[in-house]
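Inside the fold
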2 protein chains.
Amino acid sequence: MSEKITIYDIAKKLNITAATVSRALNNNPKIKESTRELVIKTAASMNYKQNKLALALKSGRSNNIGVIVPRIDSNFFASVIRGIEEELHPHGYQVIICQTHESAKRENENLYTLIDAQVDGIIMSVTDVTDENDGAFRYVLEKNVPLIFFDRSKHIDGVSSVTINDFKGGYLATKHLINEGCQTIAHFSGDQSFDIFKNRFLGYKQALLDSGMTFKEEYVIHTKSSVEAGKEAVDKLLQMKTPPDAIFSSSDFAALGAIQELKERNISIPKEFCVAGFSNEPFTKFMELSITSVDQSSLEMGKMSARVFLEQVDKTDTIKIEKKVVLAPELHIRKSSSRTNF
Amino acid sequence: MSEKITIYDIAKKLNITAATVSRALNNNPKIKESTRELVIKTAASMNYKQNKLALALKSGRSNNIGVIVPRIDSNFFASVIRGIEEELHPHGYQVIICQTHESAKRENENLYTLIDAQVDGIIMSVTDVTDENDGAFRYVLEKNVPLIFFDRSKHIDGVSSVTINDFKGGYLATKHLINEGCQTIAHFSGDQSFDIFKNRFLGYKQALLDSGMTFKEEYVIHTKSSVEAGKEAVDKLLQMKTPPDAIFSSSDFAALGAIQELKERNISIPKEFCVAGFSNEPFTKFMELSITSVDQSSLEMGKMSARVFLEQVDKTDTIKIEKKVVLAPELHIRKSSSRTNF
DNA sequence: GATAATTATGTAATCGATTACACGAAAGTA
DNA sequence: TACTTTCGTGTAATCGATTACATAATTATC
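All values derive from a computational prediction rather than experimental measurement.

Thresholds applied
Residues numbered from 1 in each chain as written. Chains lettered and ligands numbered in written order. Predicted model: local features only at pLDDT ≥ 70, side-chain atom pairs only at ≥ 80, totals over all residues. Heavy atoms only, no water. Contact = heavy atoms within 4.5 Å. Buried area = accessible area lost by both parts, 1.4 Å probe. Salt bridge = Lys/Arg side-chain N within 4 Å of Asp/Glu carboxyl O. Domains from an automatic or database assignment. Helix = DSSP H or I, 4+ residues; strand = E, 2+ residues; numbered from the N terminus. Expected span 1.5 Å × (residues − 1). Polar contact = N/O pair within 3.5 Å; in protein donor to acceptor, adjacent residues only side chain to side chain. Near = heavy atom within 4 Å. Axes fitted to C-alpha atoms, helices over the stretch in contact; angles between N-to-C directions. Parallel < 35°, antiparallel > 145°, perpendicular 65-115°, else oblique. Left-handed = near helix turned anticlockwise from the far one by under 90°.

**Points about the interface of chain B and chain A**
Taken together, the contacts link 55 residues of chain B with 56 residues of chain A. Together, the buried faces of chain B and chain A total about 5100 Å²; carbon and sulfur atoms form 55% of this surface. Considering only the surface of chain B that becomes buried against chain A, Leu53, Phe286 and Glu288 of chain B emerge as the three largest contributors, covering 14% of it. Where chain B packs against chain A, one counts four salt bridges. With a shortest N-O distance of 2.9 Å, Glu288 of chain A and Lys263 of chain B are connected by a salt bridge.

**Brief notes about the domain arrangement of chain A**
By the assigned domains, chain A splits into domain 1 (7-50), domain 2 (62-163 + 298-327) and domain 3 (166-296). The gap between the C-alpha centroids of domain 1 of chain A and domain 3 of chain A is 65 Å.

**With respect to helix α11 (residues 252-264) of chain B**
All names here are of chain B. In this model, α11 (13 residues) spans 18 Å end to end at C-alpha, consistent with the 18 Å of a helix rising 1.5 Å per residue. Where α11 begins, the capping side chain belongs to Ser251, and its oxygen is found 3.1 Å from the backbone nitrogen of Phe253. Where α11 ends, the next residue or the one after it, Asn266, has phi of about 55°, a positive value.

**What to know about the protein's contact with DNA strand C**
Within the structure, DNA strand C sits among 27 residues, and Thr20 and Arg23 of chain A together with Ile7, Ser22 and Tyr48 of chain B are positioned closest to it. Taking the atoms of DNA strand C that fall within 4 Å of the protein, sugar and phosphate contribute 61% of them. Within the side chain of Thr35 of chain A, one N or O atom sits 2.9 Å away from a phosphate oxygen of DNA strand C. Here a base oxygen of DNA strand C sits 3.3 Å away from a polar atom, N or O, in the side chain of Lys58 of chain A.

**Points about the packing of helix α1 (residues 7-14) of chain B against helix α3 (residues 33-45) of chain B**
Residue and element names in this part refer to chain B. Close contact between α1 and α3 brings their axes to 10 Å; oriented N to C, the two are set at 120°. Regarding the angle of α1 to α3, the classification is oblique. Remark: the crossing between α1 and α3 carries right-handed chirality. In this structure, α1 uses Ile10, Lys13 and Leu14 to contact α3, whose residues at the interface are Leu38, Val39, Thr42 and Ala43.

Following this line, the structure appears as structure tokens:
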């Protein structure tokens, strides 16, 4: 095993002190050019590598940033993380991943662990809207560690966020269905305690009203984000006296379930029934019957979150700036809802 | 901003030394029970948190592990990372993510960065089989940092690996196509310089030979792992004098492209033509025409890699044990190839 | 050539925790 | 009572790098 070379080893070899070596390697101006060159050359020949842990302890900055997500094996979260990593890598930051599996307890635990590991910032998508973790969030803010929410956000003073305009996304999708001539549009809403789902719902509602259509509560079905939930919801809808002829689902997975169930019942899509989803999951465009969906620009969301972090990380002493970035959603129209284009 | 509480602060408050505080908090036996309790109580009341960086510097262990993958926004890699995180989290390790985007240069850079950040181990899927990075790999091994390859592996002494039996996967898929009555089976092979793709090909070949079928080079098409590549490959195959009536693709994406192109040409699947892929990407089972695919047990691969790391991390002084774990692949038979089951 | 100004280097503290060694106090033994 | 154990705590070095301050070496100025 190779010995660990420190600046002391270099100093000893050159009969100078570690301070001089440190200065030479850090481009400190108060150093003779010849010594600088000698030190740098010697350091290279001895295969010296700076110990980042020592530096981190001294400076109080670990050059690590923590990212907390419900789970990593979802295309959306993975893309966001990709964006974060790509934006932060050139700045010398490493990305530490934590998963919560939608458990407030684990979220809490992860927050404490990351702070204790001295991360320089935390970017996260919250798991639950309960206030259970307020202590942990306060702990983060007390330590003056930049905290940025993406997608699923909470209203906390001093916390920045990067989200998309979910209202507009819901509005666009619904308006599109109306334009395709759909008469009665149902909505699969997610957990309304999350802003993102609430806003998608509000956008849906507004689009109906703006087009002079009537909004009826019974066409709004609470579903989980799963294929199974989508199937069950369709089953429920089709039992109504006046079933709808379109669905705007706040989840692509539920939209897929809906489509599968509709096909099962030999209802022709998009002729008799139109479906639009949300998230633009990769599979939506792979399907033979590709699915219309609202894109969340996940990669960009990650990059933007990283940029907000970079803006804040060096200004810990100034007044904390709370930045709210809202990205524009983009509707991808595909076969599941387009009666004209395909 | 809350002051950072150190063991010195606790010591001062109690009129004892930091050494005693440290001993009390670490369950050192040489300490009076009453002082221990007092220290622990005081530490809690002052909201003391151990500085992990100081600990890391002292102990030489960062409790971080590095994971290097080509990209994170692919279901396979994300699942593996999920497995690694879940297995290592209970042991107090944090997972640092690095991406290479298939660039040997970035892989090299990531290896050095991780070692310089003093990670306790590295789990990775190699990007390229060139020897360009041998220096970096040697550097890792010299530092006695456990290195574990998963999926895409390289033959390096002292490096453990966790892979699936790609040969068997290729064999199973091909054998299945034969059992379905296919007469001429083509193969989409990936980059043959990777063992995983070579072995899938060899499994395919062996299955043909074992069934008394003739292997012909011209039915093997080199494709990238993309939908487009699959389409082009089908185009090529259908121009042959005797086109095949089945494809075993080493990539699910290429398999999807093949299916799209076949449908375009009104060739009925699976009646006239069967297709099987590899990886069991989520979309393969979502399709209306679901795709037969070989599952790579990605979650388990991640967990197993983490376990191998744990086995090795504490035995740096003993002889380095090189462990090679090979997981069993599992064929998921679906509509794209099953003439009987559906 | 003597003094002031500049430049390069050394000394030592610091970041926060752990731990070998030393030492005083209490308890045990004769 | 005198001497040996045992126990609990303090002292100080250590992990590796940075940096304010002090000092030595060099150059500039008259």
